[in-house]
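# Survey of secondary and tertiary structure
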Amino acid sequence: MSCFIQPCPDPHRLVLDNTRLVSPHLCPELSLHLVTEDCPWWRQSPEDLELQGIDEPFWGFAWAGGQALARHLLDSPGLVRGRRILDFGAGCGIVGLAAARAGAARVQAVDIDPVCEVACRLNAQANGLTIETETRDLVGEQVDVDLLVAGDMTYDAGLTARLVRWFRGLAGRGVCVLLGDPGRGFLEPGGLEEVGCYDAPADNDARGLWLRPTRVYRVRPSR
Ligand SMILES: C[S@@+](CC[C@H](N)C(=O)[O-])C[C@H]1O[C@@H](n2cnc3c(N)ncnc32)[C@H](O)[C@@H]1O
């Protein structure tokens, strides 16, 4: 997925002009630049945006899986304190920022969408936190971190299959891998240990009116 059909000339302005600084339902301790009900983009479908040359702004939402995983880290700082964290498919950076807030030694936020780097940096700034950002597809590569976190990345059958294979391999090499998934239906239960469950807002619910149980899983290593 590329973010813009034409490269975005000013991603910084794009994020600031199309979002509001708000706290996601499950993480009131963080403020993020998000597309809210009073933003024009709220009423536009991904297809409408594409007609304007804009790919779906995944970075403009704190997805249910990310909110649940972020809450899990904030409530269990022992998982992250002093550790090196990779927020894979970072979007707005909610999970990585929760790790930074909970005391991580280093947080890297990686996404294939270059606008995410800008959104993550603006969101880090808004919270007085520091995270590193990179635009890259890391799937299949070895990573030198203690904990890989992936919020709401299992939203597509093909992507989920690739990710689960990669995550199992990483877990086998000693990386702790945690996923947040609101039951999108692509994750097979085998090889996963449920470590938490949180009521996170459904997609298109900025106010937390339609909550859905959203699970946090630890990936077991492949045998
Ligand atoms: C549903 S959003 C989740 C964002 C964030 N983790 C959250 O929970 O709010 C999925 C994100 O995964 C990113 N993504 C998709 N495939 C990817 C890949 N192969 N490598 C890195 N990021 C990817 C998308 O660009 C998007 O930002």
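In the block above lies the structure referred to throughout.
All of these numbers come straight from a predicted model, not from anything done at the bench.

### Regarding helix 3 (residues 64–75)
Relative to the 16 Å expected for 12 residues at 1.5 Å per residue, helix 3 spans 17 Å between its end C-alpha atoms, a close match to the ideal helical length. With 10 of 12 residues buried, helix 3 lies mostly within the body of the structure. Listed as buried for helix 3 are Ala64, Gly65, Gly66, Gln67, Ala68, Leu69, Ala70, Arg71, His72 and Leu73.

### Notes on unusual backbone geometry
At aspartate 152, a residue that is not glycine, the phi angle is positive and equals roughly 55°. For asparagine 204, which is not a glycine, the phi torsion comes out positive at approximately 65°. Tracing the chain through its elements places asparagine 204 in the loop between strand 8 (192–201) and strand 9 (211–219). In this structure asparagine 204 comes out as exposed when scored by C-beta crowding, with 9 C-beta atoms within 10 Å.

### Notes on helix 4 (residues 94–101)
For helix 4, the tally of buried residues reaches 8 of 8 residues, placing the bulk of the element in the interior. For helix 4, the complete set of buried residues consists of Ile94, Val95, Gly96, Leu97, Ala98, Ala99, Ala100 and Arg101. Here the buried face of helix 4 lies against strand 2 (32–34), helix 3, strand 3 (84–88), strand 4 (106–111), helix 5 (114–126) and strand 6 (147–151). Among the residues trailing helix 4, glycine 103 stands out with phi positive, at a value near 105°.

The rules behind each value
- Residues numbered from 1 in each chain as written.
- Predicted model: local features only at pLDDT ≥ 70, side-chain atom pairs only at ≥ 80, totals over all residues.
- Helix = DSSP H or I, 4+ residues; strand = E, 2+ residues; numbered from the N terminus.
- Expected span 1.5 Å × (residues − 1).
- Buried ≥ 20, exposed ≤ 12 C-beta atoms within 10 Å, placed from the backbone.
- Contact = placed C-beta atoms within 7 Å.

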